[in-house]
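# Topology and contacts: notes
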Amino acid sequence: MEKLIRFGVSLPEGLLKKFDRLIKEKNYTSRSKAIADLIREELIKKQWQQDKEIAGAVVLVYNHHKRELVDKLIDIQHNFQKIIISNQHIHIDKDNCLEIIAIKGRSQQAQKLNDILKATKGIKHATLSMSSTGKGIE
Ligand code: NI
């Protein structure tokens, strides 16, 4: 495990109180983990902005009765096979499908894939989970 460093931080009292209340609501048991997570969030944001290697997932919800849509989704995913590492299809009910497309690769490609999927006619909802390969965030 990496060496831990202790350091002092000066903050306005009100801000610290708000922070403590916030992290308690989010179930953190220590400030250290909460602060480390905030730093990692910023590092991951930077990885995405700078077109670094990232990991994440696109989650789609759509009506599977639209056959042309299903074909189109397959075509799009074949065009992005370099960054798609896995795909899971879940039948939510008799009409709706949830698809989770796991991605690993350059962030610009991931954004592009998400934009194309999101704009595809018939897609009810699309979200991009911008996560990390775990590298560079300690
Ligand atoms: Ni389905």
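Structure's up top.
This section reports on the structure supplied with the text. (Residues numbered from 1 in each chain as written. Predicted model: local features only at pLDDT ≥ 70, side-chain atom pairs only at ≥ 80, totals over all residues. Heavy atoms only, no water.)

### Quick notes on the overall build of the protein
Basically, it comes down to this: Secondary structure elements are taken from DSSP: a helix is a run of H or I of four residues or more, a strand is a run of E of two residues or more, and numbering for both begins at the N terminus. The globule rule is 2.2 Å times the number of residues to the power 0.38, and the radius of gyration it is compared with is taken over C-alpha atoms. Here's how the labels work: a residue is buried when its accessible area is under 20% of the maximum for its type, exposed when over 50%, partly exposed in between, all with a 1.4 Å probe on protein chains only. Residues are treated as being in contact if the distance between any of their heavy atoms lies within 4.5 Å. Only the protein chains shown count as cover for residues, and the accessible areas themselves come from Shrake-Rupley with a 1.4 Å probe. Positive: Lys, Arg. Negative: Asp, Glu. His and the chain ends are not part of the count. Taken as the charge centre is NZ of Lys, CZ of Arg, CG of Asp or CD of Glu, depending on the residue.
Within the protein, the regular secondary structure consists of 4 helices and 4 strands. Put simply, the protein runs from its N terminus to its C terminus through helices and strands in the order α-α-β-α-β-β-α-β. Taken over the C-alpha trace, the protein has a radius of gyration of 19 Å; the compact-globule value for 138 residues is 14 Å, which it surpasses by more than 25%. A buried classification covers 30% of the 138 residues belonging to the protein. Contacts in the protein between residues at least 24 apart in sequence constitute 67% of all its contacts with a sequence separation of at least 6. Of the roughly 10,200 Å² of accessible surface on the protein, a fraction of 53% belongs to carbon and sulfur atoms. Of the side chains in the protein, 25 bear a positive and 17 a negative charge, and the two mean positions are spaced by 4 Å.

### Some words on the packing of helix α1 (residues 13–25) against helix α2 (residues 31–49)
To be explicit about the condition: With axes taken as lines fitted to C-alpha atoms, and helix axes fitted only over the stretch in contact, angles between N-to-C directions fall between 0 and 180 degrees. Oblique is the label for any angle not under 35 degrees, not over 145, and not in the 65 to 115 range, which are roughly parallel, roughly antiparallel and roughly perpendicular in turn. Under the scheme applied, nonpolar residues are Ala, Val, Leu, Ile, Met, Phe, Trp, Tyr, Cys and Pro; charged residues are Asp, Glu, Lys and Arg; polar residues are all the others, including Gly.
Across the interface, α1 lies against α2 with an axial gap of 11 Å and an inter-helix angle of 95°. By the angle between their axes, α1 is roughly perpendicular relative to α2. Packed against α1, whose contacting residues are Leu16, Phe19, Asp20 and Ile23, the element α2 presents Arg31, Ala34, Ile35 and Leu38 at the interface. The residue inventory of the contact of α1 with α2, partitioned by class, reads 6 nonpolar, no polar and 2 charged.

### Some remarks on the sheet that holds strand β2 (residues 84–91)
Our working definition: Any two strands between which DSSP finds at least two bridges are classified as paired.
The sheet built from 4 strands is open, its strands ordered β2-β3-β1-β4 with antiparallel pairing. Two strands close off the open sheet at either side, each with one partner strand: β2 and β4 (123–131). The average angle at which neighbouring strand axes cross in this sheet is 15°, direction not considered. Helix α3 (residues 67–79) contacts β1 (53–63), β2, β3 (96–106) and β4 of the sheet and is inclined by roughly 170° relative to β1.

### Here we look at the coordination of the nickel ion
So the rule is basically this: Excluding water, the donors of a metal are its N, O and S neighbours within 2.8 Å, or within 3.2 Å for Na, K and Ca, and that exclusion means sites may look incomplete.
Every protein donor of the nickel ion is accounted for by His89 (NE2), His91 (ND1) and Cys97 (SG), and the metal-donor separations fall at 2.0 to 2.4 Å. As a motif over one chain, the donors of the nickel ion read H-x1-H-x5-C. Residue Cys97 is classed as buried on the basis of its relative accessible area, which comes to 2%.

Don't take any of this as a statement about function, it's just geometry.
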